[in-house]
Amino acid sequence: EQTLGELAAASGLLFGCAVSSDHLSNDPSFAALVSRETSILVAEWEMKRAAVQRLEGVWDFSGGDAIAAFAARNGQKLRGHALVWHYEGPDWLKQRLAEAPDERLLTDMITRSCLHYRGQIHSWDVVNEVVDPAEGQADGLRVSSHWYRAFGEGYLETAFHAARASDPDALLFYGDYGVEMDHPDHEKKRVAVLKVIEKLKKQGAPIDGFGVQGHLDPFRTRFDERIYARFLWELQGFGLKLMVTEFDVADRFGPADVVKRDAEIAAVAGRFAEVSLANPAMIGFLAWGLTDRYSWLADYPDYKWPDGQRPRGLPYDADLRPKPMRAALAAAFTER
Ligand code: G3I
C-alpha cells in the first residue's frame with residue numbers, strides 16, 4: 001500500500017507531521033511510522049524561542065538538531081517553527097523588551113536559528129499568529145503581542161528581512177489559525193491576514209508563503225468549501241506558496257459513537273484536504289501529529305475530556321492503527 005508521503009509526492013506535494021525528539025527516540029514504533037509515512041517534519045516545540053533560548057544568552061538547539069538528524073537520515077525535509085511568536089515569551093525576554101525595545105532581541109533568534117539550520121530548512125514560519133481582530137485595533141493586528149508593543153507593526157517586515165539575510169534558500173512563511181471555517185470570527189481573521197500580507201508585499205518584505213494551520217473544529221463551526229477555496233485563491237493572488245501546516249480535527253464535541261465520530265472526522269478531513277490541494281499554490285500538507293497517541297488536543301483546556309476519552313483528530317489512532325481519516329487524506333492526495 002502506498003504511504004501518505006508517496007501519494008502526496010505523486011501529486012507534487014509534501015506530506016508530514018509535527019514531532020518531538022523524545023517521541024522519536026523513545027518510541028520506536030512511532031518513529032518507524034513517521035519515517036515511513038511522511039516526507040517533511042516540523043518540531044512541535046523544540047525550535048521555538050521558549051525551547052531554544054530558555055535563558056538569556058543560553059542557546060540550545062539540541063532538540064531541533066535531533067529532529068533534523070532524524071529527517072536527514074530518512075531523506076525527509078524539515079520545516080522551522082517558529083521564529084517570532086507572541087506565545088511563551090519566554091519571561092526574561094518580555095522583561096527585557098519592556099525595559100528597552102532593542103531590535104536585537106527580535107533579530108538575534110532569527111539570525112542564530114536561520115544560520116544554525118541553514119541548508120536544512122525547507123520553510124520557516126517566520127512570524128506566527130500575528131492577527132487577532134478580537135483586539136479591535138490596527139487592522140486586526142495582535143497588538144497585545146510583546147513584539148507589537150515593542151516595535152509596532154514594523155517587526156513583521158524586520159523579521160522577514162532578517163530571515164532572508166541569514167537563510168536565502170528557505171521559503172519564508174507567515175502562519176495563522178482560525179481562518180478556515182464559515183464563521184464571522186474566521187472571516188474577520190481572513191480579512192486581517194490578507195491585509196498583513198498586502199502590506200508586507202507592498203513593503204517589499206521577502207515573504208514566500210502562507211501557512212493555513214488547519215486546526216479544524218467542525219463540531220462547533222461549519223466548514224464551507226467555497227469560503228475556504230476563495231481565501232486560498234486570494235492568498236495565491238499575492239503570488240504566495242501555500243501550505244497546510246498544523247492540520248487536526250478537534251472532536252471533543254463530536255458524536256459519542258466512535259465509529260460515527262471517526263466517519264464524520266474523515267469526511268471533513270477529506271473535504272478540507274481536497275479544497276486545499278485544488279489550489280495549485282499548495283505545496284505541502286502537515287498534520288499536527290500523526291497519531292492520537294501524541295496529540296496536543298488531549299491537553300486543550302477548553303475540552304475537559306470526559307475521563308477515558310481521548311482525541312481522535314489525527315490519521316492514526318493511539319495504537320498506531322490507520323483511521324478513516326488516513327483513507328480520506330490518501331484519496332484527496334490521489335485525486336489532485
Ligand atoms: O518540555 C518542556 C519542559 O522541558 C519544561 O520544563 C516545561 C515548562 O514549561 O515545558 C515543557 O514544554 C511544553 C511543550 O509543549 C513541550 O511539551 C510547554 O510547557 C507547552 O506549553 C508546550 O505546548 C505546545 C504549545 O504549542 C506551546 O508551545 C504544544 O505542545 C504544541 O502542540 C502547541 O502547538 C501550537 C503551534 O506551535 C502554533 N499553533 C497552535 C498550536 C496548538 O496550540
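Quick caveat: nothing in here was measured; it's all calculated off a predicted structure.

What counts, and at which threshold
- Residues numbered from 1 in each chain as written.
- Predicted model: local features only at pLDDT ≥ 70, side-chain atom pairs only at ≥ 80, totals over all residues.
- Heavy atoms only, no water.
- Helix = DSSP H or I, 4+ residues; strand = E, 2+ residues; numbered from the N terminus.
- Rg over C-alpha atoms; globule rule 2.2 N^0.38 Å.
- Buried < 20%, exposed > 50% of the residue type's maximum accessible area, 1.4 Å probe, protein only.
- Contact = heavy atoms within 4.5 Å.
- Areas by Shrake-Rupley, 256 points an atom, 1.4 Å probe, with all protein chains shown as cover.
- Lys, Arg positive; Asp, Glu negative; His and termini not counted.
- Charge placed at Lys NZ, Arg CZ, Asp CG, Glu CD.
- UniProt positions renumbered as here; feature names shortened; annotations may be inferred.
- Near = heavy atom within 4 Å.
- Polar contact = N/O pair within 3.5 Å; in protein donor to acceptor, adjacent residues only side chain to side chain.
- Pairing = 2+ DSSP bridges.
- Axes fitted to C-alpha atoms, helices over the stretch in contact; angles between N-to-C directions.
- Parallel < 35°, antiparallel > 145°, perpendicular 65-115°, else oblique.
- Nonpolar A, V, L, I, M, F, W, Y, C, P; charged D, E, K, R; others polar.
- pLDDT = per-residue confidence, 0-100.
- Core = buried A, V, L, I, M, F, W, Y, C linked by side-chain atoms within 4.5 Å.
- Expected span 1.5 Å × (residues − 1).
- Phe/Tyr/Trp six-rings, centres within 6.5 Å; stacked < 30°, edge-to-face > 60°.
- Lys NZ or Arg CZ within 6 Å of the ring centre and 35° of its normal.

1. Here we look at the overall build of the chain
Okay, step 1: Secondary structure assignment for the chain yields 13 helices and nine strands.
Okay, step 2: Relative to the globule expectation of 20 Å for 336 residues, the C-alpha radius of gyration of the chain, 19 Å, shows essentially globular dimensions.
Okay, step 3: Its C-alpha atoms give the chain principal-axis dimensions of roughly 55 × 40 × 40 Å.
Okay, step 4: Counting all 336 residues of the chain, 58% fall into the buried class.
Okay, step 5: Pairs at least 24 residues apart make up 79% of the contacts formed inside the chain by residues separated by at least 6 positions.
Okay, step 6: With the model as given, the accessible surface of the chain reaches about 13500 Å², and the carbon-plus-sulfur share is 52%.
Okay, step 7: If you average the places of the 39 positive and of the 50 negative side-chain charges in the chain, the two averages end up 1 Å apart.

2. Considerations on the UniProt feature "domain: GH10" (unreviewed entry) in the chain
Okay, step 1: Mapped onto this structure's residue numbering, the UniProt feature "domain: GH10" (unreviewed entry) falls at residues 1-332.
Okay, step 2: For residues 1-332, the end-to-end C-alpha separation is 16 Å, with 42% helix and 16% strand making up the annotated structure.

3. Looking at the site of the ligand
Okay, step 1: Around the ligand, a shell composed of 15 residues is seen, among which E44, K48, H81, E88 and E246 lie nearest.
Okay, step 2: One of the side-chain nitrogen or oxygen atoms of E246 is found 2.7 Å away from a nitrogen atom of the ligand.
Okay, step 3: Between the ligand and W288, the relevant distance is 2.9 Å, taken from an oxygen atom to a side-chain nitrogen or oxygen of the residue.
Okay, step 4: Surface burial for the ligand is 56%, taken as the share of its 780 Å² of free accessible area covered by protein chains.

4. Some points on the pairing of strand β4 (residues 123-128)
Okay, step 1: The buried count for β4 comes to six of six residues, which makes it a mostly enclosed element.
Okay, step 2: As defined by bridge partners, strand β3 (residues 77-85) adjoins β4 across five bridges and the pair is classed as parallel. Residue pairing for β4: W85 is matched across the bridge by N128.
Okay, step 3: Examined bridge by bridge, β4 and strand β5 (residues 171-176) share five bridges and lie parallel to one another. Bridging from a neighbouring strand, D125 pairs with F173 of β5.

5. Regarding the packing of helix α10 (residues 184-202) against helix α11 (residues 225-236)
Okay, step 1: Running from amino to carboxyl end, α10 crosses α11 at an angle of 10°, the nearest separation of the two axes being 11 Å. One finds that α10 runs roughly parallel with respect to α11. Between α10 and α11, the contacting residues are E187, R190, V193, L194 and I197 on the first element and I227, R230, F231, E234 and L235 on the second.
Okay, step 2: Here the contact of α10 with α11 is composed, by residue class, of six nonpolar, no polar and four charged.

6. Remarks on the confidence of the model for the chain
Detailed reading of the predicted coordinates is not advisable wherever pLDDT is low.
Okay, step 1: Across the chain, the average pLDDT comes to 97, with 100% of residues at or above 70.
Okay, step 2: For this predicted complex, the interface score ipTM comes out at 0.97, while the overall pTM is 0.98.

7. Comments concerning the pairing of strand β2 (residues 40-43)
Okay, step 1: Of the two faces of β2, the one holding I40 and V42 and the one holding L41 and A43 are both buried throughout.
Okay, step 2: Here strand β1 (residues 14-19) runs beside β2; their pairing, made up of four bridges, is parallel. Its bridge partner being in β2, C17 is matched across the sheet by L41.

8. Description of the nonpolar core
Okay, step 1: Within the largest apolar cluster, 96 residues are counted, with the highest numbers of intra-cluster contacts made by W124, Y174, F210, F247, F285, L329 and F333.
Okay, step 2: Of the residues forming this core, the biggest block, seven residues, is contributed by helix α12 (residues 258-278).
Okay, step 3: If we ignore the near neighbours within four places in the chain, the residues touching F247 are Q213, G214, L216, A269, F272, F285, L286, A287, W288, L314, M325 and L329.
Okay, step 4: By size, the runner-up hydrophobic cluster in this structure holds 10 residues, among which are I40, V42, M243 and W288.

9. Things to note about α12
Okay, step 1: Its 21 residues place the ends of α12 30 Å apart at the C-alpha level, agreeing with the 30 Å of an ideal helix rising 1.5 Å per residue.
Okay, step 2: Here α12 has its buried residues at R261, D262, I265, A266, V268, A269, G270, F272, A273, V275, S276 and L277.
Okay, step 3: Each element contacted by the buried residues of α12 is listed here: β6 (209-212), β7 (215-216), α11, β8 (241-249), β9 (282-287) and α13 (324-335).

10. Let's talk about the packing of aromatic side chains
Okay, step 1: For the structure shown, the criterion picks out 20 aromatic pairs.
Okay, step 2: Taken together, a centroid distance of 4.8 Å and an interplanar angle of 20° make the contact between Y228 and F272 stacked. You can see Y228 sitting in helix α11 and its partner F272 sitting in helix α12, a full 44 residues away along the chain. Each of the two residues, Y228 as well as F272, counts as buried.
Okay, step 3: Within the aromatic cluster, the residues linked to one another by ring pairs are F15, F223, Y228, F247, F272, F285 and F333.
Okay, step 4: The aromatic ring of F173 is capped on one face by R79, whose charged end is 5.2 Å from the ring centroid.
Okay, step 5: The ring of Y177 carries K189 above its face, with NZ or CZ at 3.4 Å from the centroid.

11. Section: the environment of Y174
Okay, step 1: Relative to the helices and strands, Y174 resides in strand β5.
Okay, step 2: For Y174, a relative accessible area of 0% translates into the label buried.
Okay, step 3: For the pair Y174 and V268, spaced 94 residues apart in the sequence, the C-alpha separation amounts to 25 Å.
Okay, step 4: Once residues within four sequence positions are removed from consideration, Y174 is found in contact with V127, E129, V130, V131, F160, V193, V196, I197, I207, G209, F210 and G211.
Okay, step 5: Engagement of the side chain of Y174 in a polar contact is seen with the side chain of D176, the distance being 2.6 Å.

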